[in-house]
Every structure is written in structure tokens, then in C-alpha cells.
Amino acid sequence: MPRNNAQLAMIFQQMADVNQVVGGNRFKTIALEKGARVLKDFVKDVGDVDPQDLLQVEGIGKGIAQKIGEFLRTGQVVEHQEMIDNVPAGVLQMLDIPGLGPKGVAQLWNDGGVESIDELKTKIADGSLEPLKGFGKKKLEKLSASIAFAEKAGERTHLGYALPLALAMIAGLEDVKGVERIEYAGSLRRGKETIGDIDLLVAAKQKDAPGIMDVFIGLPMVEEVLGHGETKSSIRCDDEHRNIQVDLRVVDPKHYGAALMYFTGSKEHNVKVRERAQSMGYTLNEYALADKDDKTKQIETKAEEAIYKKLGLAWVPPELREDRGEIILAEQGKIPNLIELKDIKADLHTHTTASDGKWSIEENALAMAARGHHTVAITDHSKGQVQANGLSDERLVNHIEAVREVAKKLKGKITVLAGSEVDILSDGKLDYPDELLAELDVVVASPHAALSQDPKKATKRLLKAIENPYVTMIGHPTGRLVLRREGLSPDIEALVKAAAGRGIALEINANHWRLDLRDTHARLALEHGVKLAINTDAHGQGDLTQLPYGVLTARRAGATKNDVINCMTAAGLNKWLKSTRP
Ligand code: DGT
Ligand code: CA
Ligand code: CA
Ligand code: ZN
């Protein structure tokens, strides 16, 4: 999302929330929320749009447009500042508790006298909130769990926010005088779903380091300089108001390999490799692989590959450096040839305006073709997803026809398949009858509601869906949202075995909020020979950027292109889809 749009969307959303908390005018809340939504979906940066044209955009009225103008001129919205100044900081923080919402916060504050998360915890514990209407024992238990989850999530951020930010910083630094190489290291290079901080590494001569540091701390996204040294600086970004810390280290080009290896981690991987080095008569640190007895005798320092090689190991892709058996694979020369973004040739879970998407069937398919895909499946929501405008049985019949029309029109450009993202109801039944599912080419069965079900029920529910003869894959199997919602905790092994038995796929939903299956679950699926699907779940053009996150997660699971149905040829995929059907 363009920067200005993201910041403004967050400002309007916070204004809407605070307005609700203080019991402000309802229409003001609606206008602000609408403004936030429109900005989130807006493709161009609002800073590049003529103010008159902005007023033509549906959902941007005079008030919103005026605030956008103010923000672009001054970097803030005075009314926003005034509103948040009138509410205790602790109350604002309570708005971040998943599942509570502005109304709940208002009630806790006004009727319960709660002014911070800490107070909330105390008052839940001593039972003094139970008389509060709508805050029964069960609700308070849920609230406690949400708080615990949010605290555990702590200061980490999503892969999908950290990666674009790191790339933007690299773009701002790579042409600076003296920069020979620059890469991100740490958990980001390992493709983890959440990132504690971003670690940037530069290869440059000592004399050029100060100049590079000066440019770094002056980058436009820098909010606060936490430390400014010759070889290391740290800054804090306020990207979309998520605090992200970035460390930049400058190392001599001759030590770059050792440094990159060290700062990529994981710590656990590093420990294992270092132990191996020691057992072979070496030492290994962030400068070099050196002789144990004479540390001035540096053996390999420049490239990661050479260091691994000296240790009798194949180079280990960063995504596998988690001490999950990769050292043995590297020793045996059995590191898998991991899937790459360019291997993905199909998207089998996408939406259109028929349900809650923002583009037509044809716009969707043309974008997928332009992206280089040979196949796309149109999988709009089923009727139970009322808030997502899910299709009734009758609407689905017409929709299939509309998809077939577009498929005919685009023949030769891209294969357009008719599908559905059919809701897995809480008891495991699907939201359409089998006769209707049989008309579709692709059936993505996904859980959307009842996501705090107990694990036994969840397992039974998903197993039942897997058994349906028309299901092609289970979409985002747990329904979790990264750092936001735990989702279902089914017996993954049982699901994986059942999917293997049926010969159907399990999805890695590539959206960085989902990444569901997560890396460890996907790994389990592969161990049982289950095929993975990597889909964007795209609701519009902007969502195509999510695909790399799904690929990174698959790489962390050790997937090759042969494990992923989206990498098949058009003919191969067609044949595979048929093989899942009776
Ligand atoms: P994060 O930032 O929490 O998402 O995770 P990382 O892995 O990026 O961790 P970070 O930023 O603390 O450190 C970057 C890398 O530096 C880490 O993956 C491995 C290396 N490293 C940091 N501290 C140590 C240490 O005490 N021992 C070893 N062996 N490596 C370390
Ligand atoms: Ca880090
Ligand atoms: Ca760090
Ligand atoms: Zn979907």
C-alpha cells in the first residue's frame, strides 16, 4: 500500500474508533471508516492525485478530502491529535485487544472504570467486572486469552510489512558511494512469518562507512534514530504505525560471507554449525572461519558457500536454517531444490465482485495472465458468508455460466476455471449440496466461522470436509490470523493423513495475515506426501503481491516445485484436478 494511503487509513480508522469510544456522532464514524477502507484499496498514492479528482472517488467526501490535504501539507491531522489527546493512552491501547472493539472499550472505560490493559487484567482477575452487562464469565475468559495472545505477539511485525520496508531501504542505500553489497539478514532472510527487527548488512570499506550511515539514518521512513555508530546504527520506523526497528551493520567486504551467515541465523543453526567447525579444528564467528590455534589464520570469510563447503556442507538456503535437520541434509548433499516464485503458474483461490472481491472475472483473469499464470480458478464465497456477499445456490449457477463465458473469450490467453470457496460449516458440512459442487472445476473448502471451537471438534469438522468427494483442497485450514487470532488447533497429522488418503491438496494461503498452513504444518503435509497449493486468495490487483510470502513459507517447509500443484503445467494440473474427483 502506498505510504500516505496507509498512514491516512490508520489515522481515519483510529478516529473512527475513538469517536465510537467517546460516543460521538454515528455518521461521523461511518464516514471515517469508509474513508479508511477506500484509502486501503486505493492503488495510487493520494499524494499524486489532484484534489479535485479525489473528491470524485466514491467514499471520499469533503471532510475526508480536507483531512487528506491537511496531512499531505503538514504530516498530521489536527483533529486526529485532539481526539486521541482526549482519551487516556491506556484506553487507546485497549483498542488493540483482538475481538474487543470500540464499543467494548467504551463500556469497560465508562461503566467499569478501566483505563488500561493492566487494570483490565486486574479487574478480570478479581471478578469486579462480572456485574457489567455483556461481560459474563465466558466473555471475560475469552478476553483474558486475547490479551495473553496479544502480549505474546508483542513487538513483532508481519513478514508482509517488514519485507517491503526492507526492500525500500535497500533501494535507498544500494547506490550510495562505497556500498558493494547490501542484503537483509536475520529472520527476514529466513522468511519467517513474523519479524522482531530487520537486520541489514552492507559490504563496504571502513572509510565509506560513516557516509553510508548518514544516508541510512536520514532515509524518509526513519522516525527515530536509536543509535548512530561507525559500523552499526539502529533506527525505528513507524511504517503504518507498526514500530519496526532496523539495524544496519557495515562490514569489510572481505568478511561479508561470515557476517551474512552469522546475522542470518537462526541462533540455533549458528550454534550447530559452530560446533561442527570446532570439531574440525576451526573457529567460526561473524568475521571468519579461522584456524582454532591461530585465529589470525583466516580460512574463509568472503562467501557463505565457501564457509559451508570447508565444513563439508552444501550451502543451506536461509529458509531452512532453523535447526530442523538441515545440517544432516547438507552433509549428505540432500538439500532439496526449493520452490521459487517463478515456478508458480496458477492461482486456484481468487475472488471477484460476485462476492467480496474488487474486480470482475475478466479483470481478474487478465491480471493473472499478465502475471504469467496459465490457469486461474474463480472461487467466490458461498452463501453462509453473508457479510462477504456469498453466492446462493441459484447465484452460483449463474456465476458458473458467467465464468464459462469469460473462459471462452480468453481461451488461448489463460485457462479460467469455475470454482467456489465453499464454507466448511461448524459441523463439517459444506455450504452447497454435492450436486452443485460437482458442477465446479475447483472446490476450495475453508473454515471461516466458529474458529474458537475445541481441537477435537475442529479435527472432526475438517476431516468431514476432506471426505467430501468434490473437495479439491482445504483453504487456510486453521483460519488463524498472524499475531491477531489463534484460529483452530486441529490434529494436523490426522488431517494430513486423511488428505493423503483422498489425494487432495492443502493450501498455504499466501496472504501475510494468514500463511495458513504455517511452515511446520506444511512440512508435516510433505512428509506424508500431500500436495500443497499456494494461492493468493486475491480479492483485487493489489493482492498479487502476497504470493512471495506463500512461497517463502513453502520453502521453510522444504517444498520443491514438484510438491506444489500451482507449479504443474496446464495439462498436468487439469489431469490432477480430475484425479481428485469420483
Ligand atoms: P527476530 O529479529 O527476533 O525476528 O529474529 P532474528 O533471527 O533476526 O534475531 P536477531 O535480530 O536478534 O539477530 C539476528 C541474527 O544474529 C540471529 O538470527 C543470529 C545472530 N545472533 C544474534 N545474537 C546471537 C547470539 O547470541 N549467538 C549467535 N550464535 N547468533 C546470534
Ligand atoms: Ca532480526
Ligand atoms: Ca537485530
Ligand atoms: Zn478466499
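Residues numbered from 1 in each chain as written. Chains lettered and ligands numbered in written order. Predicted model: local features only at pLDDT ≥ 70, side-chain atom pairs only at ≥ 80, totals over all residues. Heavy atoms only, no water.

## Describing the site of ligand 1
Then comes step 1: Around ligand 1, the surrounding shell holds 16 residues, and the nearest of these are Arg 156, Ser 187, Arg 190, Gly 196 and Asp 197.
Then comes step 2: In the environment of ligand 1, an oxygen atom lies 2.8 Å from a nitrogen or oxygen atom belonging to the backbone of Gly 196.
Then comes step 3: The side chain of Asp 197 places a nitrogen or oxygen atom 2.9 Å from an oxygen atom of ligand 1.
Then comes step 4: When ligand 1 sits alone it has 600 Å² of accessible area, and the protein chains cover 71% of it. (Near = heavy atom within 4 Å. Polar contact = N/O pair within 3.5 Å; in protein donor to acceptor, adjacent residues only side chain to side chain. Areas by Shrake-Rupley, 256 points an atom, 1.4 Å probe, with all protein chains shown as cover.)

## Re the coordination of the calcium ion (ligand 3)
Then comes step 1: Taken together, the protein donors to the calcium ion (ligand 3) comprise Asp 197 (OD), Asp 197 (OD), Asp 199 (OD) and Asp 247 (OD), at separations of 2.2 to 2.9 Å.
Then comes step 2: The sequence pattern describing where the donors of the calcium ion (ligand 3) fall on their chain is D-x1-D-x47-D.
Then comes step 3: If you look at the calcium ion (ligand 3) and the calcium ion (ligand 2), they sit 3.7 Å from each other and are both ligated by Asp 197. Highlighted residues: Asp 199 in strand β4 (residues 197–203) and Asp 247 in strand β7 (residues 244–251), separated in sequence by 48 residues.
Then comes step 4: By relative accessible area, Asp 247 is classed as buried at 5%. (Donors = N, O, S within 2.8 Å, 3.2 Å for Na, K, Ca; no water. Helix = DSSP H or I, 4+ residues; strand = E, 2+ residues; numbered from the N terminus. Buried < 20%, exposed > 50% of the residue type's maximum accessible area, 1.4 Å probe, protein only.)

## Quick notes on the nonpolar core
Then comes step 1: One finds Ile 339, Val 416, Ile 474, Leu 532 and Ile 534 to be the most contacted residues of the largest nonpolar core, which totals 62 residues.
Then comes step 2: With sequence-adjacent residues up to four places away left out, Leu 532 is seen in contact with Ala 505, Leu 506, Ile 508, Leu 517, Ala 522, Ala 525, Leu 526, Ala 559, Asp 563, Val 564, Ile 565 and Asn 566.
Then comes step 3: Counting 44 residues, the second largest nonpolar core, distinct from the first, contains Ala 9, Ile 11, Val 91 and Val 105. (Core = buried A, V, L, I, M, F, W, Y, C linked by side-chain atoms within 4.5 Å. Contact = heavy atoms within 4.5 Å.)

## Here we look at the sheet that holds strand β13 (residues 415–423)
Then comes step 1: Here we have seven strands laid out as an open sheet, ordered β11-β12-β13-β14-β15-β16-β17, and parallel in their pairing. Unpaired on one side and paired on the other, β11 (346–350) and β17 (532–535) mark the two borders of the sheet.
Then comes step 2: Pairing geometry for β13 and strand β14 (residues 442–446), over five bridges, is parallel. From the neighbouring strand, Glu 421 faces β14, where its bridge partner is Val 444. (Pairing = 2+ DSSP bridges.)

## Regarding the domain arrangement of the protein
Then comes step 1: Domain boundaries assigned for the protein yield domain 1 (3–153), domain 2 (158–332) and domain 3 (341–579).
Then comes step 2: On a C-alpha basis, the centroid separation for the pair domain 1 and domain 3 is 32 Å.
Then comes step 3: Summing both partners gives a buried area of about 520 Å² for domain 1 against domain 3, and 60% of it is carried by carbon and sulfur.
Then comes step 4: Inspection of the domain 1/domain 3 interface yields one salt bridge.
Then comes step 5: In this structure, Lys 358 and Asp 41 form a salt bridge, with 3.5 Å as the shortest nitrogen-oxygen distance.
Then comes step 6: There are one residue pair in polar contact (both at pLDDT 80 or more) connecting domain 1 and domain 3.
Then comes step 7: Broken down by element, the side of domain 1 that touches domain 3 gets its largest block of residues, four residues, from helix α9 (residues 137–153).
Then comes step 8: When the residues that make up the side of domain 1 that touches domain 3 are grouped by side-chain class, the tally is three nonpolar, no polar and three charged. (Domains from an automatic or database assignment. Buried area = accessible area lost by both parts, 1.4 Å probe. Salt bridge = Lys/Arg side-chain N within 4 Å of Asp/Glu carboxyl O. Nonpolar A, V, L, I, M, F, W, Y, C, P; charged D, E, K, R; others polar.)

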